[in-house]
Amino acid sequence: MNKYSVDVTVIGGGSAGLAAAIIVKKANLNVLILERDKELGGITLQCIHNGFGLHEFKEELTGPEYVQRFINQAVELDIAYKLDTMVIEITSDKVIYAVNNKEGLIEIKTKAIILAMGCREKTRGAINIPGFRPAGIYTAGQAQRFVNIEGYLPGRSYVILGSGDIGMIIARRLTWEGCQVKAVVEIQPYVSGLIRNEVQCLEDYGIPLITSYTVTKIHGKDRVQGVTISKVDRNFDRVIGSEKFIECDTLLLSVGLIPENELTREAGAEISEMGGPVVDNNLETTIEGVFACGNVLQVHDLVDLVTAEAKRAGLNAVDYIKNRYDKKIERKEIIKCIAGENVNYVKPDLINRSDLSKDVIFTFRVKRPDRRLLIQFKDDKNRIIYKRKRSYVIPSEMLEIKLNLNEFNIDSNIKSIEIEVIPRPEVLIEED
Amino acid sequence: MMSESKIPEGSKEIRCIVCPTGCLVHVENVNGELVIEGHSCNRGEEYAREEFIAPKRILTTTIRVENGFLPLIPVRSNTPIPKEKLQETLKEIAGTKVKAPIKMGDILIKNVIGLDANIIASRDLIEA
């Protein structure tokens with residue numbers, strides 16, 4: 001068995017892994033990227049539409065253009081990577097086992113690990129649509145890969161379930177390839193992706209968006225012949241008698257993404273309820289020296305935000321190796337971050353009390369859309385640490401607030417910080 | 001080429017895409033003067049004006065590749081294309097084949113369908 005020893009191993013060679021590896025390499029540490037696909041780049045390669053790079057490069061790029069810049073930089077820096085290589089195990093003492101068809105099983109001993117495996121799409125099983133299992137049911141990202149990379153069309157006439165950005169973008173893409181998209185069906189009473197995509201991907205092409213409906217039956221035994229959609233009430237229970245049949249040969253599911261947690265969980269890292277691993281303000285998981293970034297940590301709206309987070313993970317891994325590795329420094333006491341009213345989750349999950357003098361970047365999402373709000377940070381005794389006005393919130397937009405908590409005169413004994421998104425008091429008065 | 005930004009007749013409700021607020025902007029040609037209402041910022045007003053006079057889009061699609069590491073190369077127009085020309089441009093691109101190797105930024109179709117726009121490669125693609 002081939003054995004390797006490196007400073008930092010990055011699992012996943014997509015946008016997150018590349019940005020993190022570049023930072024580590026620039027700090028003169030040796031770094032190895034393990035990628036299971038046959039080339040570097042990850043999912044950004046199949047997102048051939050534009051709209052990327054405005055934060056990172058101050059210009060608008062397509063997905064492939066965006067990630068090509070990072071691939072080029074990785075090559076220039078001579079960063080080591082292994083393609084077609086699947087990690088099968090990470091141990092809690094940071095030994096990695098992987099396989100590829102050139103070397104067979106390999107072992108990598110490493111001082112720090114950066115988890116950058118991304119996320120995967122929820123499938124039919126996750127939303128329990130009854131019926132036969134005919135050909136013609138795909139996830140939206142799978143269809144995107146077929147159409148944009150492999151060069152196949154998965155069908156001719158489509159219904160897309162879920163109005164997230166991926167669902168709407170693939171609707172336009174398929175229309176441009178001469179296919180017919182009969183409808184985009186959304187269980188929520190509102191579109192779940194960006195308005196920009198609703199306008200430019202659906203309205204521009206007259207594709208109906210049917211909200212408060214979901215697919216309740218798939219017709220066809222060998223091949224999809226159509227779907228039944230039903231209206232849902234406030235509790236998402238279907239309304240009997242509201243059924244409509246839509247003929248189509250393909251159903252695409254764009255019903256959410258979940259971080260790839262398997263390796264992380266088996267390594268013994270704690271996984272948070274709402275998705276990826278539990279991390280502290282340094283993006284370090286509950287295993288010392290193991291960091292997480294990108295969509296394996298939390299699903300981001302934009303690759304630019306993935307890059308920013310991955311750079312932080314890279315810097316923190318470098319800091320770990322230079323200042324903490326092999327020094328047996330006990331983890332200092334922690335403060336828990338809690339998702340309060342109308343907050344779905346918050347990252348980081350934990351803050352090291354010893355880091356209170358540093359900037360902490362909080363990222364979170366709301367559960368439902370709302371307008372004229374107050375974002376509040378409270379301690380465990382209900383004292384308000386920080387508040388900020390906000391004109392609107394939507395679940396599809398990740399919110400980010402950078403705070404140096406020491407500037408807010410907080411009680412040094414606090415056990416937790418709760419973030420809530422509540423209506424602004426003056427709105428209540430106005431509406432009286 | 002299109003005639004220089006002639007103001008179309010009539011009116012239109014345009015949903016602004018500049019930010020997630022999504023203002024509904026009313027744009028109307030009143031005796032050759034544009035009346036724009038409902039926006040809440042300058043960028044929104046500018047977007048609605050352009051969208052009313054001459055809507056344009058960056059076109060992103062793929063071109064078949066002979067002898068490539070992958071069968072397709074993702075491409076885009078280097079500048080926005082008039083919305084009403086997108087269909088024709090897509091047809092032209094669908095009938096095109098290119099050869100690997102390709103470098104990001106390579107011009108694969110120059111002045112596509114006579115427009116002042118090139119179709120360029122979005123990534124590198126090596127030979128098979």
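Since we're looking at a predicted model, the values are computed, not measured. (Residues numbered from 1 in each chain as written. Chains lettered and ligands numbered in written order. Predicted model: local features only at pLDDT ≥ 70, side-chain atom pairs only at ≥ 80, totals over all residues.)

Quick look at the overall build of chain A now. The secondary structure content of chain A amounts to 9 helices and 27 strands. Expected size for 432 residues packed as a compact globule is a radius of gyration near 22 Å; at 23 Å, chain A falls within 12% of this value. Considering only C-alpha atoms, chain A reaches an extent of 70 × 65 × 40 Å along its principal axes. Residues classed as buried in chain A amount to 45% of the 432 residues present. (Helix = DSSP H or I, 4+ residues; strand = E, 2+ residues; numbered from the N terminus. Rg over C-alpha atoms; globule rule 2.2 N^0.38 Å. Buried ≥ 20, exposed ≤ 12 C-beta atoms within 10 Å, placed from the backbone.)

What follows deals with the environment of B:Glu46. Residues and elements named next belong to chain B. For Glu46, the location among the structural elements is in helix α1 (residues 42–53). Judged by local crowding, Glu46 falls into the partly exposed class, with 13 C-beta atoms found within 10 Å. As a C-alpha pair, Glu46 and Cys16 span 30 residues in sequence and 9.9 Å in three-dimensional space.

The share of residues in chain B with pLDDT of 70 or more is 95%, and the mean pLDDT across the chain is 92. Quick note on the complex model: pTM equals 0.93, ipTM equals 0.90. (pLDDT = per-residue confidence, 0-100.)

By the assigned domains, chain B splits into domain 1 (11–54) and domain 2 (60–121). Between domain 1 of chain B and domain 2 of chain B, the C-alpha centre-to-centre distance is 31 Å. (Domains from an automatic or database assignment.)

All names here are of chain A. At a minimum axis distance of 9 Å, the contact between helix α4 (residues 140–150) and helix α5 (residues 165–176) shows a crossing angle of 35°. Considering only the axes of α4 and α5, their crossing is left-handed. Touching Ala140, Gly141, Ala143, Gln144 and Val147 of α4 are Ile166, Gly167, Ile170, Arg173 and Leu174, all from α5. Here the contact of α4 with α5 is built from residues that sort into 6 nonpolar, 3 polar and 1 charged. (Axes fitted to C-alpha atoms, helices over the stretch in contact; angles between N-to-C directions. Left-handed = near helix turned anticlockwise from the far one by under 90°. Contact = placed C-beta atoms within 7 Å. Nonpolar A, V, L, I, M, F, W, Y, C, P; charged D, E, K, R; others polar.)

Quick look at the domain arrangement of chain A now. Residue and element names in this part refer to chain A. Domain assignment breaks chain A into domain 1 (2–120 + 257–331), domain 2 (123–253) and domain 3 (336–430). Computed from C-alpha coordinates alone, the two centres of domain 1 and domain 2 are separated by 32 Å. Taken residue by residue, the interface counts 4 residues in domain 1 and 5 residues in domain 2. A class-by-class count of the residues in the side of domain 1 that touches domain 2 yields 2 nonpolar, 2 polar and no charged.

A few words now on the interface of chain B and chain A. Taken together, the contact between chain B and chain A spans 19 residues of the former and 20 residues of the latter. Those elements that provide at least two residues to the side of chain B that touches chain A are β5 (60–66) and β6 (72–77) of chain B. Tallied by class, residues from the side of chain B that touches chain A come to 9 nonpolar, 6 polar and 4 charged.

Now for the sheet that holds strand β1 (residues 11–15) of chain B. Residues and elements named next belong to chain B. Within the open sheet, the 3 strands sit side by side as β1-β2-β3. Their pairing is antiparallel. Pairing within the sheet leaves two strands with one partner each, and these edge strands are β1 and β3 (33–37). Recorded for the sheet is a direction-independent mean angle of 20° between the axes of neighbouring strands. The sheet contact formed by β1 and strand β2 (residues 24–30) spans 5 bridges and is antiparallel. Along β2, the bridge assignment pairs Lys12 with Val27. (Pairing = 2+ DSSP bridges.)

Residue and element names in this part refer to chain A. Within the open sheet, the 3 strands sit side by side as β21-β23-β26. Their pairing is antiparallel. Either end of the sheet is taken by a strand with one partner, and the two such strands are β21 (343–347) and β26 (399–404). Going from strand to strand, the sheet's axes swing by 25° on average, the running direction of each strand aside. Where strand β23 (residues 359–366) meets β26, 6 bridges bridge the pair, whose relative direction is antiparallel. Across the sheet, residue Thr363 finds its bridge partner in β26, namely Glu400.

The step from A:Lys347 to A:Pro348 runs through a cis peptide bond, and the omega angle for that step is 0°. As for its placement among the helices and strands, A:Pro348 is situated in the loop between β21 and β22 (350–352). Omega for the peptide link from B:Ala100 to B:Pro101 comes to 0°, which places this bond in the cis form. Position of B:Pro101 among the secondary structure elements: in the loop between β8 (97–99) and β9 (107–109). Unusually for a residue other than glycine, A:Asp326 sits at a positive phi of about 70°. Positionally, A:Asp326 belongs in the loop between α8 (303–324) and β20 (334–339). Of the residues examined, A:Asp326 has 8 C-beta atoms within 10 Å and is grouped as exposed. For B:Asn31, which is not glycine, the phi dihedral falls at a positive 50°. Within the fold, B:Asn31 resides in the loop between β2 and β3.

Let us now look at helix α6 (residues 195–202) of chain A. Among the 8 residues of α6(A), 6 are classified as buried, and the element is accordingly described as predominantly covered. When we look at burial in α6(A), the residues that qualify are A:Ile195, A:Asn197, A:Glu198, A:Gln200, A:Cys201 and A:Leu202. On its buried side, α6(A) packs onto α5, β12 (180–186) and β13 (209–211) of chain A together with β1 of chain B.

With that settled, consider the pairing of β20(A). Residues and elements named next belong to chain A. Alternating positions in β20 separate cleanly, Ile335, Cys337 and Ala339 being buried on one face and Ile334, Lys336 and Ile338 remaining unburied on the opposite face. The pairing of β20 with β22 spans 3 bridges and is classified as antiparallel. Paired with Ile334 across the bridge in β22 is Asn352. Note: β20 against strand β27 (residues 416–423), 4 bridges, orientation parallel. Its bridge partner lying in β27, Ala339 is registered against Ile419.

All names here are of chain A. Formed by 81 residues in total, the largest nonpolar core has its most connected members in Ala20, Ala21, Ile114, Leu115, Ala116, Phe291 and Cys293. For this core, the leading source of residues is helix α1 (residues 15–26), giving 8 residues. Residue assignment places this core across two domains, with domain 1 (2–120 + 257–331) and domain 3 (336–430) each supplying three or more. Residue contacts for Ala20: discarding those within four places in its chain leaves Val10, Ile114, Ala116, Cys293, Ala310, Ala313 and Gly314. Leu161, Val191, Leu209 and Val227 belong to the second largest nonpolar core, which has 35 residues in total. (Core = buried A, V, L, I, M, F, W, Y, C linked by C-beta atoms within 7 Å.)

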